[in-house]
Amino acid sequence: MTALSQLAAQLASEDFTSIPIISYSGSSLSDLSDARSQDLEKRKALAATIRDACLNAGFFYAVKNHSVPEKVVSDVFEQSHDFFALPSETKRTVDISKSGGNFRGYMALLSENNDPTKQGELHEAFNLGLDPSLDAASHDEQMKSQGELVHSDNLWPAEGDWKQAAAFRQATLDYYASVLALGQSLFPLFALALDLPEDFFADKIQHPAAIMRLLFYPAQKEKPITEENPGIGAHTDFECFTILRQDDVPALQVQNRAGEWIDAICIPNTFIINIGDQFARWTNDIFVSTRHRARPATTKDRYSIPFFFGCDHDVPLIPPPTCVSEERPVRYEVMTAGAYVHMRLSETYTVGKAEA
């Protein structure tokens with residue numbers, strides 16, 4: 001058994017009661033500046049702390065020096081507030097049903113259902129992918145994709161429908177670009193965490209699939225809250241990993257191995273990063289993709305922005321050699337990243353129908 005497999009087996013047998021806050025060099029909060037250090041040992045040390053979180057909880061907080069300016073964050077949250085405050089008929093001008101089956105645009109309250117045993121979720125959403133204004137070459141490459149997961153342009157409100165449309169688009173794309181760069185900077189750390197060369201993923205994220213969602217959870221206040229209508233139902237994410245920014249309204253919970261729901265507390269100016277199913281499958285379950293959910297907002301509206309980062313859609317999900325051993329043989333049929341994500345999206349959404 002490889003050393004990585006041994007560590008994975010050990011940490012998978014241990015439970016967690018809180019979301020790890022990565023500690024490095026004695027700091028009580030994670031400092032991602034060492035991801036850009038010229039000192040390989042510092043990069044390896046940071047990767048080791050991230051590895052332990054990815055093998056155990058599958059979640060961790062990233063706090064200091066993550067490179068995303070706070071002004072960019074505050075601007076997109078302000079624009080998100082304003083967009084979701086629009087009349088329903090204005091938001092529906094960019095309804096997801098108009099995206100040609102490609103999961104772009106607005107989703108109304110109760111139109112999503114991550115948990116098929118429930119009756120709809122108490123949030124609205126605005127979904128977008130890579131925009132040509134940010135990376136025309138990658139956008140064009142994705143648009144030429146011949147796989148099952150076909151790309152399309154984003155849907156944006158028109159200025160004739162909303163005078164603030166241009167500001168909304170700019171703030172949203174500024175945030176997307178900043179978090180895209182953050183996501184790209186994490187892949188070398190994940191490679192080191194898996195005992196791989198630092199550039200192992202470099203040729204696999206030339207045209208990365210990255211979907212971002214603006215989410216709005218309207219406060220239910222006096223309305224009865226039932227288990228049938230969660231904020232977001234219990235689920236795991238589809239892509240390699242998710243970078244989440246949340247506001248100060250508590251809602252996110254992560255399920256540990258004992259079945260307990262652990263609160264992902266709101267720490268100001270932080271991102272929460274979690275492993276998704278694509279990465280778990282790709283690493284032969286060395287990395288852990290953990291179920292999580294969001295409770296409905298009760299007394300105060302909640303806003304959050306998950307950013308789902310995946311590799312190029314034509315990459316076959318073949319486990320790296322450090323993730324396979326005689327005791328841990330390959331667990332999954334090999335399929336491309338795009339085919340896998342398309343399969344998972346199709347299980348959750350019914351795009352092209354009235355609501356989605």
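Just so it is clear, the structure is predicted and the values come from calculations on it, not from any experiment.

### Some remarks on the overall build of the protein chain
(1) Moving on: The number of helices and strands found in the protein chain is eight helices and eleven strands.
(2) Moving on: For the protein chain, buried positions account for 57% of its 356 residues.
(3) Moving on: Counting contacts in the protein chain only where the partners sit at least 6 residues apart, residues at least 24 apart contribute 79% of the total.
(4) Moving on: Just so you have it, the protein chain exposes about 14,900 Å², and 51% of that area is on carbon and sulfur atoms.

### Some remarks on the confidence of the model for the protein chain
(1) Moving on: On average, the protein chain scores 87 in pLDDT, and the residues at 70 or more come to 87%.
(2) Moving on: Confidence, expressed as mean pLDDT per element, reaches its minimum in the protein chain at helix 5 (residues 136-143) with 52 and its maximum at helix 4 (residues 88-91) with 98.
(3) Moving on: Across residues 23-30, confidence stays below pLDDT 50; counting only partners more than four residues off in sequence or on other chains, it has 18 contacts.

### Here we look at helix 1 (residues 3-12)
(1) Moving on: Those residues of helix 1 that sit buried are L4, S5, L7, A8 and L11. Taken around the axis of helix 1, the buried residues stretch over an arc of 160 degrees, which confines them to a single face.
(2) Moving on: Contact partners of the buried residues in helix 1: helix 2 (40-56) and helix 6 (165-193).

### Examining unusual backbone geometry
Note: most peptide bonds trans; most residues except glycine with negative phi.
(1) Moving on: Unlike most non-glycine residues, L110 shows phi in positive territory, near 70 degrees.
(2) Moving on: Locating L110 in the fold gives a position in the loop between strand 2 (105-107) and strand 3 (124-128).
(3) Moving on: What makes L110 partly exposed here is its relative accessible area of 41%.
(4) Moving on: Even without being glycine, N284 reaches a positive phi, approximately 60 degrees.
(5) Moving on: Judged by relative accessible area, N284 falls into the buried class, the value being 0%.

### A closer look at helix 6
(1) Moving on: With 29 residues, helix 6 should reach 42 Å at 1.5 Å per residue; the first-to-last C-alpha distance of 42 Å fits that figure.
(2) Moving on: At the exit of helix 6 stands D195, carrying a positive phi of roughly 60 degrees.

### What about the pairing of strand 9 (residues 271-275)?
(1) Moving on: With five of its five residues buried, strand 9 lies for the most part within the structure.
(2) Moving on: Side chains F271, I273 and I275 project from strand 9 onto one buried face, and the interleaved I272 and N274 project onto a second face that is buried too.
(3) Moving on: Examined bridge by bridge, strand 1 (residues 59-62) and strand 9 share four bridges and lie antiparallel to one another. When the sheet's bridge partners are listed, F59 is paired in strand 9 with N274.
(4) Moving on: Bridging between strand 6 (residues 241-246) and strand 9 involves four bridges; their strand directions are antiparallel. Paired with T242 across the strands is N274, a residue of strand 9.

### Section: the side chain of S111
(1) Moving on: Note on placement: S111 falls in the loop between strand 2 and strand 3.
(2) Moving on: Since its relative accessible area comes to 13%, S111 is described here as buried.
(3) Moving on: A polar atom in the side chain of S111 sits 2.6 Å from the backbone oxygen of A108.

### Some remarks on the sheet that holds strand 9
(1) Moving on: Pairing within the open sheet is antiparallel, and its seven strands lie in the order 1-9-6-11-4-3-2. Edge positions in the sheet fall to strand 1 and strand 2, since each of these pairs with one other strand and no more. Looking at each pair of strands side by side, their axes are set apart by 20 degrees on average, direction ignored.
(2) Moving on: Across three bridges, the pairing between strand 2 and strand 3 is antiparallel. When the sheet's bridge partners are listed, Y106 is paired in strand 3 with F126.
(3) Moving on: On top of the sheet, helix 3 (residues 70-84) reaches strand 2, strand 3, strand 4 (209-217), strand 6 and strand 11 (302-310); it is set at about 115 degrees to strand 11, its chief contact.

### Some remarks on the packing of aromatic side chains
(1) Moving on: A complete count under the given rule lists 28 aromatic pairs for this structure.
(2) Moving on: On the numbers, 6.2 Å between centres and 70 degrees between planes, the contact of W156 with F168 is edge-to-face. With W156 in the loop between helix 5 and helix 6 and F168 in helix 6, this pair connects stretches of sequence that are twelve residues apart.
(3) Moving on: Of the residues examined, W156 reaches a relative accessible area of 14% and is grouped as buried.
(4) Moving on: Between the NZ or CZ atom of K204 and the centre of the ring of F200, over which it lies, the distance is 4.2 Å.
(5) Moving on: Over the ring of Y217 we find R302, and its NZ or CZ is 4.9 Å from the ring centre.

Rules of the game
- Residue numbering note: each chain is counted from 1, following its sequence as written.
- Given that the model is predicted, a residue must reach a pLDDT of at least 70 before its local features are reported, and side-chain atom pairs must reach 80 or more before they are shown or counted; all residues, however, enter totals for whole chains, interfaces and linings.
- Only hydrogens and water are removed before side-chain values are computed, so all heavy atoms of the structure are retained for them.
- A run of H or I in DSSP counts as a helix once it spans at least four residues, and a run of E counts as a strand once it spans at least two, with each numbered from the N terminus.
- Accessibility here uses a 1.4 Å probe with only protein chains present; expressed as a share of the type maximum, an area under 20% marks a residue as buried, one over 50% as exposed, and anything in between as partly exposed.
- By definition in these notes, contact holds between two residues if any of their heavy atoms fall within 4.5 Å.
- Here, Shrake-Rupley sampling with a 1.4 Å probe gives the accessible areas, and only protein chains in the shown set may cover a residue.
- pLDDT expresses, on a scale from 0 to 100, how confident the predictor is about each individual residue.
- Taking the helix axis as origin, the arc is that swept by the directions to the C-beta atoms.
- For a helix, the expected span equals 1.5 Å multiplied by the residue count minus one.
- Only strands joined by at least two bridges in the DSSP assignment are considered to pair.
- Contacts described as polar in this section are N or O atom pairs within 3.5 Å, which, within protein, must combine one atom able to donate a hydrogen with one able to accept it, while residues neighboring in sequence count only if both atoms come from side chains.
- A fitted line through C-alpha atoms serves as each axis, taken over the contacting stretch for helices, and the angle formed by two N-to-C directions is quoted from 0 to 180°.
- Here is the rule: rings of Phe, Tyr and Trp (six-membered ring for Trp) pair when centre to centre is within 6.5 Å. Planes less than 30 degrees apart are stacked, more than 60 are edge-to-face, and the remainder are tilted.
- By the criterion adopted, a ring carries a charge over it if an Arg CZ or a Lys NZ lies within 6 Å of its centre and within 35 degrees of its normal.

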